[in-house]
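# Secondary and tertiary structure notes
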Amino acid sequence: MKNILVLYAKYNRDTDDEIIKLLSRLSDNELKCERNIFCKSINNLFNHIILGEWYYLNAMLYISGRKYCSDHKERRQVFQRIETSFFEASEIMRELDKNFIDFVDSVTEDDLKLVKKNMKIYNGRVVDISVWEYITQHITHQQHHRGQLSQVLDEIGIIHEFGNIFPYVSDSTKICRGN
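Predicted, not measured: the structure shown is a model, and the values here were computed from it.

Attention now moves to the packing of helix α4 (residues 75-84) against helix α5 (residues 86-106). In the contact formed by α4 and α5, the axes pass within 6 Å of each other and the chain directions differ by 140°. When the axis of α4 is compared with that of α5, the two are oblique. Here V78, R81, I82 and T84 of α4 come into contact with α5, specifically with E88, A89, E91, I92 and E95. Residue composition of the contact of α4 with α5, grouped by class: four nonpolar, one polar and four charged.

Dropping the structure here:
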């Protein structure tokens, strides 16, 4: 399982860097323009992705007894910085991506299986959930909202490609020649 998580953590970091580069080209008005998406604007969607990453990473750390990512920032500090500017939100995203990579690099297979009993989640449900299940939710949440962002970028004519992991797959040492 760890090899999948390592690949995803690197993809996540690099994709977020690409998203930041693309969105940095937009004006504040373009970022905050109301659109027909869940969070109403690119800026709000970007911030939602960051907040989701903070919550999921925090839950993984909580379940594992906080023995990973000791520099994880407190909620209030993160939320205040995100609201300051797109630049600050981008820096928070990069910090979270680094924390996620550090977490994935150091978490043990046994700790991935750790379960928190009776944990209340965002919609009020109480669940018994493991670290690996929270990681899976994190991945699913990121992909879902990146899909929304991709659609908006298509609509406003910004060329992008952040929907594959092939850059992380090793090239073959064999040279393929036609049939």
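With that out of the way, let us pick up the nonpolar core. With 50 residues, the main nonpolar core has L23, F46, M60, F103 and Y134 as its most contacted residues. Elements represented by at least two residues in this core include exactly α1 (2-24), α3 (42-63), α4, α5, β2 (126-130) and α7 (131-155). Examining the composition of this core, we find that twelve residues originate from one element, α3, more than from any other.

For the structure on display, the rule yields eight aromatic pairs. Ring geometry for Y11 versus Y168: centroids 6.5 Å apart, planes at 85°, classification edge-to-face. Of this pair, Y11 sits in helix α1 while Y168 sits in the segment after α7, placing them 157 residues apart in sequence. Judged by its relative accessible area of 3%, Y11 is buried. An angle of 40° between the planes, with centres 4.9 Å apart, marks the rings of F46 and F86 as tilted. Of this pair, F46 sits in helix α3 while F86 sits in helix α5; the two residues are 40 residues apart in sequence, bridging distant segments of the chain. Classification of F46 as buried rests on a relative accessible area of 2%. Each residue in the set Y8, Y11, F100 and Y168 is aromatic and connected to the rest through ring pairs, giving one cluster.

Inspection of every chain in the model, using the stated rule, returns nine salt bridges. Among the ionic pairs, D17 bridges to R94, the shortest N-O distance being 3.1 Å. You can see D17 sitting in helix α1 and its partner R94 sitting in helix α5, a full 77 residues away along the chain. Accessibility expressed as a relative area gives 23% for D17, which makes it partly exposed. Among the salt bridges present, the one from K67 reaches D111, with a minimum N-O distance of 2.8 Å. Here D111 lies in helix α6 (residues 109-112) and K67 lies in the loop between α3 and α4, a separation of 44 residues in the sequence.

Calculation rules
Residues numbered from 1 in each chain as written. Predicted model: local features only at pLDDT ≥ 70, side-chain atom pairs only at ≥ 80, totals over all residues. Heavy atoms only, no water. Axes fitted to C-alpha atoms, helices over the stretch in contact; angles between N-to-C directions. Helix = DSSP H or I, 4+ residues; strand = E, 2+ residues; numbered from the N terminus. Parallel < 35°, antiparallel > 145°, perpendicular 65-115°, else oblique. Contact = heavy atoms within 4.5 Å. Nonpolar A, V, L, I, M, F, W, Y, C, P; charged D, E, K, R; others polar. Core = buried A, V, L, I, M, F, W, Y, C linked by side-chain atoms within 4.5 Å. Buried < 20%, exposed > 50% of the residue type's maximum accessible area, 1.4 Å probe, protein only. Phe/Tyr/Trp six-rings, centres within 6.5 Å; stacked < 30°, edge-to-face > 60°. Salt bridge = Lys/Arg side-chain N within 4 Å of Asp/Glu carboxyl O.

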